[in-house]
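# Tertiary structure, described
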Amino acid sequence: MSNQPVTRVIFTDEQIEIGRYLRAQGDRAAFALGDICVELVDLHKPTPKVKTLEDYADEIGVEATTLHVYEWLSRKVMPDLREEFPVLSWSQWRACASAGDKFIEVAGWAVASA
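Residues numbered from 1 in each chain as written. Predicted model: local features only at pLDDT ≥ 70, side-chain atom pairs only at ≥ 80, totals over all residues. Heavy atoms only, no water.

### Quick word on the side chain of glutamate 71
Examined against the element boundaries, glutamate 71 turns out to sit in helix H3 (residues 64–76). Assessed through its relative accessible area of 1%, glutamate 71 is described here as buried. Look past the residues within four positions of glutamate 71 in its chain and what remains in contact with it is Gly34, Cys37, Val38, Val41, Lys49 and Leu53. (Helix = DSSP H or I, 4+ residues; strand = E, 2+ residues; numbered from the N terminus. Buried < 20%, exposed > 50% of the residue type's maximum accessible area, 1.4 Å probe, protein only. Contact = heavy atoms within 4.5 Å.)

Okay, structure coming up:
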C-alpha cells in the first residue's frame, strides 16, 4: 500500500450532467418496467406472479429476478409517492423500501439529508 494521499477525480459539469441524465433514464426505465409488471401480474391473475414474470422476462430478454425486484418496488412505491420525493433515485427508493413499514419515513430522512 502506498502512503500517497487519495485525491478525488475531477469531472466537468457536462460529464456530471450527462451521467445524471443517463442515471435518471435508467431509473425511469426501471420504474416503467416495474409498473408494466404490476399491470401484467394483476391482469393475469390467478396465474402465479412468478409464472407471469418469468414468461414476460423470457419474451423481453430480461432476467426474471430483475423483473421481480422491479415489480416489487413499483408496487411498494406507487407513482404518486415517487412524485412526492422526485429527487430519490430508483436505487435510493429500493434502499428506503427495504426499511419495511417505515420506508416513507426513511425516504423523508433521505431527502432531508441530501
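### Here we look at the nonpolar core
If you look at soluble globular proteins, the nonpolar side chains tend to sit buried side by side. Of all hydrophobic cores here, the largest spans 19 residues; its most connected members are Leu73, Val77 and Trp93. Elements with a contribution of two residues or more to this core: helix H1 (13–43), helix H2 (49–60), H3, helix H5 (90–97) and helix H6 (103–113). Here tryptophan 93 is in contact with Phe31, Leu73, Val77, Leu81, Arg82, Phe85, Leu88, Phe103 and Ala107, once residues within four sequence places are set aside. (Core = buried A, V, L, I, M, F, W, Y, C linked by side-chain atoms within 4.5 Å.)

### What about H2?
Taking 1.5 Å of rise per residue, the twelve residues of H2 would be expected to cover 16 Å, and the 16 Å separating its terminal C-alpha atoms lies within 8% of that figure. Where H2 is buried, its residues contact H1 and H3. Of the residues flanking the end of H2, it is glycine 61, one or two places downstream, whose phi is positive at about 75°. (Expected span 1.5 Å × (residues − 1).)

### Here's the deal with the environment of aspartate 58
Relative to the helices and strands, aspartate 58 is located in helix H2. Considering only alpha carbons, one finds aspartate 58 and alanine 32, 26 residues apart in sequence, at a separation of 18 Å.

### Points about the pattern of salt bridges
Overall, the coordinates contain seven salt bridges when judged by the stated rule. For aspartate 42, the salt bridge identified is with lysine 45, shortest N-O distance 3.8 Å. Since its relative accessible area comes to 36%, aspartate 42 is described here as partly exposed. With a relative accessible area of 56%, lysine 45 lands in the exposed category. One salt bridge connects glutamate 71 with arginine 75, and the closest N-O pair in it is separated by 2.6 Å. Here the residue glutamate 71 and the residue arginine 75 both occupy positions in helix H3, the gap between them amounting to four residues, near one helical turn. The exposure class of arginine 75 is partly exposed, given its relative accessible area of 34%. (Salt bridge = Lys/Arg side-chain N within 4 Å of Asp/Glu carboxyl O.)

### Observations concerning the packing of aromatic side chains
One pass over the structure, following the stated rule, counts two aromatic pairs. Ring geometry for tyrosine 70 versus tryptophan 90: centroids 5.4 Å apart, planes at 75°, classification edge-to-face. Placement of tyrosine 70 in helix H3 and of tryptophan 90 in helix H5 is noted, with a sequence separation of 20 residues between them. Tryptophan 90 carries the same exposure label as tyrosine 70, and that label is buried. When the centroid spacing of 5.7 Å and the interplanar angle of 75° are considered together, the rings of phenylalanine 85 and tryptophan 93 count as edge-to-face. Of the residues examined, tryptophan 93 reaches a relative accessible area of 1% and is grouped as buried. (Phe/Tyr/Trp six-rings, centres within 6.5 Å; stacked < 30°, edge-to-face > 60°.)

Purely geometric stuff here, so don't read any function into it on its own.
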